[in-house]
Amino acid sequence: MLFRRTAETEDLVALTALIRAAYAPHALKGLRYWATHQSVEDTARRLSRGVGFVGEVDGELIATITLSKPDPESKVLLLRDEYTWSFGQFAVAPGHKGKGYGRCIHDAALQHAVLEGCQVMALHTAEPATELIEMYRSWGYAQVGTCDWRPHTNFLSVLMTKPLAPQATSNAA
C-alpha cells in the first residue's frame, strides 16, 4: 500500500465515497456515525482541521485517516489537552478490509503524530460497535470514558486513548 498525505488536489468526491462505503455496514446496524452520511463539504472541512492521509493500492484509493491536533474549543476535556491528538474519518474500502491496511495506515499516521509532538492518541466510537472497540483494544487503546455527540450521532461514544512513545534520540557520535 502506498501511504501519503492528502493533497490540495485530492478527489474529495472519491474520498467521501470511500468513507461512506466503509461506514455503510454501521448504518445498516442503525448507527448514525457522521461518516455514514457526510457530504463532500464535510469531508473538506474535517480535512482542513487536521492532517489527512490516504492509502492506495495499484492507484486505487482504499484507505484514509485524518489526525486532529488538540481542540481548545472541544466539549471533551481530553481533546483539549495539548499533547493529545485524535483521529477520525478512518476508513478502509469494503473490498480491502481484513487485509491489514487499516492497521498500516493507522500506525503510519501515529508515527507522524509522534514526530509532531503527540504523546497520547485518542478516538471515540459508538458504544454499540463492540467489534471496533475490541479491535482498538487489540491495538493498545484503553477506554477512559464516554462522550456524547448527539444529535450529530444517535449513540453514546466511548472515548479511548493510547500513549505514544516519543522517538528515541541518539547522542552517539
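Residues numbered from 1 in each chain as written. Predicted model: local features only at pLDDT ≥ 70, side-chain atom pairs only at ≥ 80, totals over all residues. Heavy atoms only, no water.

K.L.:
Hey, could you run me through the pattern of salt bridges in this one?
P.N.:
When charged atoms on two side chains of opposite charge get close, those side chains can pair. Enumeration over the complete set of coordinates arrives at seven salt bridges. Across the salt bridge formed by Glu10 and Arg4, the nearest N and O atoms sit 2.8 Å from each other. Given the relative accessible area of 25%, Arg4 is considered partly exposed. For Glu56, the salt bridge identified is with Arg4, shortest N-O distance 3.0 Å. Highlighted residues: Glu56 in strand S2 (residues 51-57) and Arg4 in strand S1 (residues 2-5), separated in sequence by 52 residues. Residue class for Glu56 comes out buried when judged on its relative accessible area of 17%. The network of salt bridges with shared partners includes Arg4, Glu10 and Glu56. (Salt bridge = Lys/Arg side-chain N within 4 Å of Asp/Glu carboxyl O. Buried < 20%, exposed > 50% of the residue type's maximum accessible area, 1.4 Å probe, protein only. Helix = DSSP H or I, 4+ residues; strand = E, 2+ residues; numbered from the N terminus.)

K.L.:
Would you mind showing me how to read the packing of helix H1 (residues 12-28) against helix H2 (residues 40-48) here?
P.N.:
Helices that pack against each other are described as a pair by the angle of their axes relative to one another and the distance between those axes. Close contact between H1 and H2 brings their axes to 9 Å; oriented N to C, the two are set at 95°. The angle between the axes of H1 and H2 places the two elements in the roughly perpendicular class. Along its contact with H1, which presents Leu12, Val13, Leu15, Thr16 and Ile19, the element H2 presents Val40, Thr43, Ala44 and Leu47. In terms of residue class, the contact of H1 with H2 is made up of seven nonpolar, two polar and no charged. (Axes fitted to C-alpha atoms, helices over the stretch in contact; angles between N-to-C directions. Parallel < 35°, antiparallel > 145°, perpendicular 65-115°, else oblique. Contact = heavy atoms within 4.5 Å. Nonpolar A, V, L, I, M, F, W, Y, C, P; charged D, E, K, R; others polar.)

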